[in-house]
Amino acid sequence: MPNTHRPFDEEVDLLVIGAGAGGMTAALTGSMEGLSVLLCEKSSMVGGTTSTSGGTVWVPATSLSEKAGVPDRLEDAERFLQHVVGNRGGDERRRAFLESGRSAIDALVSHSDVQLVAAAAHPDYLDGPGSAYGGRALAAVEFDARLLGEDFARIRPPRDVFMGLGGMMVGRYELPALLKPFASMGNLRTTLRIVSRYFADRLKYSRGTRLLMGNALVGRLFYSLRKRNTPIWFESALTDFICEENRVIGAVVTTPDGERRIKARRGVVLATGGVAWNRKLRDDVFPAEIAPPSQAPASNTGDGIMAAVEKLGAKFDNGHDSPALWMPCSFLKKADGTESIWPHILLDRAKPGLLAVGQDGRRFVNEADSYHDFCMGMIRSGLSEAWLIADSTFLQKYGLGLVLPGARGLARLRRAGYLFEGRDVQDLARRIGVDADGLGETIARYNAYAKTGKDLEFDRGHSVVNRFNGDETVKPNPCLAPVEKGPFYAVKVKPVDLAGSAGLACDVNSIVLNEKDEPIEGLYACGNDATSIFRGTYPGPGTTLGPAMVFGWRIARHAAGKPMVL
Ligand SMILES: Cc1cc2nc3c(=O)[nH]c(=O)nc-3n(C[C@H](O)[C@H](O)[C@H](O)COP(=O)(O)OP(=O)(O)OC[C@H]3O[C@@H](n4cnc5c(N)ncnc54)[C@H](O)[C@@H]3O)c2cc1C
């Protein structure tokens, strides 16, 4: 263990490294518990991947689910997780998560500006005993970033593709109104409210100040930290630990003013966003089908994990179903040479009339399953890329990736090599280099399934989440409709990591463990720096942010010597 006796530049109770959901929750809770806290962030902005995420936080049996009229029971959540995760391990930490979830959310909602609401309808991603249709997925309430004044510029913006008019956030349920503003008075009112606020914002700010999803969550955490005057050092990266005997007592941080040695009396928290862009860890544990990019910001380079492993002998736990969680993403090359990434999360894959094929023209998965399970299907089939296929009826009605419903701007997307069009199936197959006979047979079979409503190969439309993301107006199966009206279209997707699941081995209070499974005193990890309690499975919406925040809360409570349940 590194050990030096040089003087300290700063002394706090809790030193938190990384300002995403995990780190900010640990810092905020530490401050709420009366600890002196310093939060160090490597980039010039808070938020990390959290900022660009959907911001859904999966925590079972909270008081918010009761408030939303969809009460949930811990026993049900426990049964559900037992069913999903099975004997893959991590039981004790999963119990700790369930034990503290309600208290952590209550504490944040009651004593800070972190305001969340439970969705009455946002189903778990898998069916099984104890699964829930609503109540577990919590969403951050819209945040008015004008409250932050100049600090607004310190919030990492969402992905460009998730903002309209160059900087306006739009929620999933607002999109239909904005796409058809004149369809009803309600649509017109919604559109005018959102767009007029946006144009007013742009007189003063570089983007809209109405923050939603992950940006709202980060805005609320950041605002709460600012209100408590919790110091945040930007452009300040962890580079080393300071140890005394076998305990971590601080860290070395590189700042714009040079190196700073910080003493942390109660502990150092690693929350640097997991494996993400770290080349070595990716090479070591990611499947061959996965190539960069990562969806994490460039500042997430695996620093927390690498430092803990290399300098302190911490254990990197990769005993998972999958070392990371994935989303199928399509890529648009822009005129300036950069690339936009569109993650196909929920708007298109489950809608009736879409199918996905490999180069042989054959389907390989239930396309309506969660984005992670879709990609696991790719990986199992040895596919590093696949094609989403649909006809012109589908494109008009639902859109496809960057093509929004209404199908405008197709020529531009075709020219950019994003969207492929064929006058018939054979023509499309030739243009994308897919086996034409294979694709023809696959579509014929798919169309037969659409008639009977039964997908005999992959059971598309069988699960609650399949049907939830399908189109309930389509019968007999909301996820199946014939692919028959030319021209036909294709978009290429590749699996891209959205979060790590392999991470540092930790105990129930998120203290990091060494190779002998002994605690490294004074060192905590949360968020994607900590090994996932779901062991590479993806139980429901928000299952990375939920544990990130609950363990961030437990860490600060443990450091403050407080119980884990309120
Ligand atoms: C499109 C998309 C949608 C998603 N939607 C959801 C969702 O709805 N619900 C959900 O649960 N998950 C979702 N995820 C995943 C989720 O965003 C991440 O799992 C989560 O944000 C990780 O949080 P974190 O605190 O571990 O890391 P991050 O939020 O990535 O924060 C890490 C921070 O650490 C900083 N850092 C890195 N190295 C250092 C260093 N050496 N010193 C100091 N600071 C450092 C980084 O700059 C960064 O700011 C989504 C992901 C994507 C890509």
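Quick note: structure is the one above.
Scope of this entry: the structure provided in the associated data block. (Residues numbered from 1 in each chain as written. Predicted model: local features only at pLDDT ≥ 70, side-chain atom pairs only at ≥ 80, totals over all residues. Heavy atoms only, no water.)

## Section: the pairing of strand β2 (residues 37–40)
- Of the two faces of β2, both are covered, the one formed by Val37 and Leu39 as well as the one formed by Leu38 and Cys40.
- Relative to β2, strand β1 (residues 10–17) is paired through four bridges, and the arrangement is parallel. Residue pairing for β2: leucine 14 is matched across the bridge by valine 37.
- In this fold, β1 hands off to helix α1 (residues 21–32), which returns the chain to β2; that crossover is right-handed.
- Direction of pairing for β2 relative to strand β10 (residues 232–233): parallel, over a ladder of two bridges. Its bridge partner being in β10, cysteine 40 is matched across the sheet by tryptophan 233. (Buried < 20%, exposed > 50% of the residue type's maximum accessible area, 1.4 Å probe, protein only. Helix = DSSP H or I, 4+ residues; strand = E, 2+ residues; numbered from the N terminus. Pairing = 2+ DSSP bridges. Right-handed = clockwise from strand over helix to strand, strands pointing away.)

## Section: the state of the cysteines
- For the structure shown, the criterion picks out zero disulfides.
- Cysteine 329 takes part in no disulfide bond, and the closest cysteine sulfur, belonging to cysteine 375, lies 7.3 Å away.
- By relative accessible area, cysteine 375 is classed as buried at 0%. (Disulfide = S-S within 2.5 Å.)

## Looking at the layout of surface pockets
- The computed volume of the second largest pocket comes to approximately 880 Å³.
- Lining of the second largest pocket is provided by 30 residues; of these, Pro176, Lys351, Lys397, Tyr398 and Pro405 occupy positions nearest its centre.
- For the lining of the second largest pocket, the class distribution of residues is 15 nonpolar, six polar and nine charged. (1 Å grid on protein atoms, 1.4 Å probe; cavity = no way out; pocket = protein on both sides within 12 Å on 5 of 7 lines; lining within 4 Å. Points joined across faces, edges and corners; volume = space filled by probe spheres on them. Nonpolar A, V, L, I, M, F, W, Y, C, P; charged D, E, K, R; others polar.)

## Description of the side chain of threonine 255
- Along the chain, threonine 255 turns up in strand β12 (residues 247–255).
- Residues contacting threonine 255, with those up to four places away along its chain left out, are Trp233, Glu235, Ser236 and Arg260. (Contact = heavy atoms within 4.5 Å.)

## Describing helix α8 (residues 213–227)
- Between the first and last C-alpha of α8 there are 21 Å, a value that for 15 residues agrees with the 21 Å anticipated at 1.5 Å per step.
- With twelve of 15 residues buried, α8 is to be regarded as a mostly interior element.
- Listed in full, the buried residues belonging to α8 are Gly214, Asn215, Ala216, Leu217, Val218, Gly219, Arg220, Leu221, Phe222, Tyr223, Ser224 and Leu225.
- Phi turns positive, to about 55°, at asparagine 229, one or two residues after α8. (Expected span 1.5 Å × (residues − 1).)

## Some remarks on the environment of glycine 377
- The topology assignment puts glycine 377 in helix α11 (residues 371–380).
- The class of glycine 377 is buried, set by a relative accessible area of 1%.
- If we ignore the near neighbours within four places in the chain, the residues touching glycine 377 are Phe364 and Val365.

## Side note on empty space enclosed by the protein
- This model, assessed by the stated rule, comprises four cavities of 30 Å³ or more.
- Of the voids in this model, the largest cavity is the one considered here, and its volume is about 150 Å³.
- Residue lining of the largest cavity: 17 residues in total, with Gly527, Ala530, Ser532, Thr544 and Pro547 positioned closest to the centre.
- Looking at the lining of the largest cavity, its residues break down into eight nonpolar, eight polar and one charged.
- Roughly 120 Å³ of internal volume is contained in the second largest cavity.
- Together, 13 residues line the second largest cavity, and Ile345, Leu346, Arg349, Val465 and Asn469 are the ones closest to its centre.

## Points about the pattern of salt bridges
- Going through the model one piece at a time under the given rule, you end up with 40 salt bridges.
- In this structure, the salt-bridge partner of aspartate 72 is arginine 136, at a minimum N-O distance of 2.8 Å. Of the two residues, aspartate 72 is situated in the loop between α3 (63–67) and α4 (74–85) and arginine 136 in the loop between β4 (116–118) and β5 (137–140); the sequence distance between them amounts to 64 residues. No difference in accessibility class separates aspartate 72 from arginine 136, as the two residues are buried.
- Between arginine 226 and aspartate 151 there is a salt bridge whose closest N-O contact spans 2.6 Å. (Salt bridge = Lys/Arg side-chain N within 4 Å of Asp/Glu carboxyl O.)

## Side note on helix α7 (residues 185–202)
- Across its 18 residues, α7 extends 26 Å between first and last C-alpha, which sits within 8% of the 26 Å expected from 1.5 Å per residue.
- Buried within α7 are the following residues: Asn187, Thr191, Ile194, Val195, Arg197, Tyr198 and Asp201. Across the axial projection of α7, the buried residues extend over an arc of 155°, all falling on one side. Opposite the buried face of α7, by more than 90 degrees, sit the exposed residues Met185, Arg189 and Leu192. (Arc of directions from axis to C-beta.)

## Regarding the packing of aromatic side chains
- Taken as a whole and assessed by the stated rule, the structure comprises 16 aromatic pairs.
- Ring centres of tyrosine 371 and tyrosine 538 lie 5.3 Å apart, and the angle between their planes is 90°; this geometry places the pair in the edge-to-face category. Linking tyrosine 371 in helix α11 with tyrosine 538 in the loop between β23 (519–525) and α17 (545–559), this pair joins segments that are 167 residues apart in sequence. In this structure, tyrosine 371 and tyrosine 538 share a single accessibility class: buried.
- On the numbers, 5.4 Å between centres and 90° between planes, the contact of tryptophan 387 with phenylalanine 420 is edge-to-face. (Phe/Tyr/Trp six-rings, centres within 6.5 Å; stacked < 30°, edge-to-face > 60°.)

## Thoughts on the site of the ligand
- Around the ligand, 37 residues are found, and the nearest of them are Glu41, Thr50, Ser299, Asp303 and Leu545.
- For the ligand, an oxygen atom lies 3.2 Å from a polar atom in the backbone of glycine 55.
- Between an oxygen atom of the ligand and a side-chain N or O atom of asparagine 300, the distance comes to 2.8 Å.
- Relative to its unbound accessible area of 1,000 Å², the ligand is 98% covered by the protein chains.
- For the shell around the ligand, the elements supplying multiple residues, two or more each, are α1, α2 (48–51), β11 (237–244) and β20 (488–500).
- Per element, the largest residue contribution to the shell around the ligand is three residues, and it comes from α2.
- A class-by-class count of the residues in the shell around the ligand yields eleven nonpolar, 23 polar and three charged. (Near = heavy atom within 4 Å. Polar contact = N/O pair within 3.5 Å; in protein donor to acceptor, adjacent residues only side chain to side chain. Areas by Shrake-Rupley, 256 points an atom, 1.4 Å probe, with all protein chains shown as cover.)

Coordinates in, geometry out; function isn't part of it.
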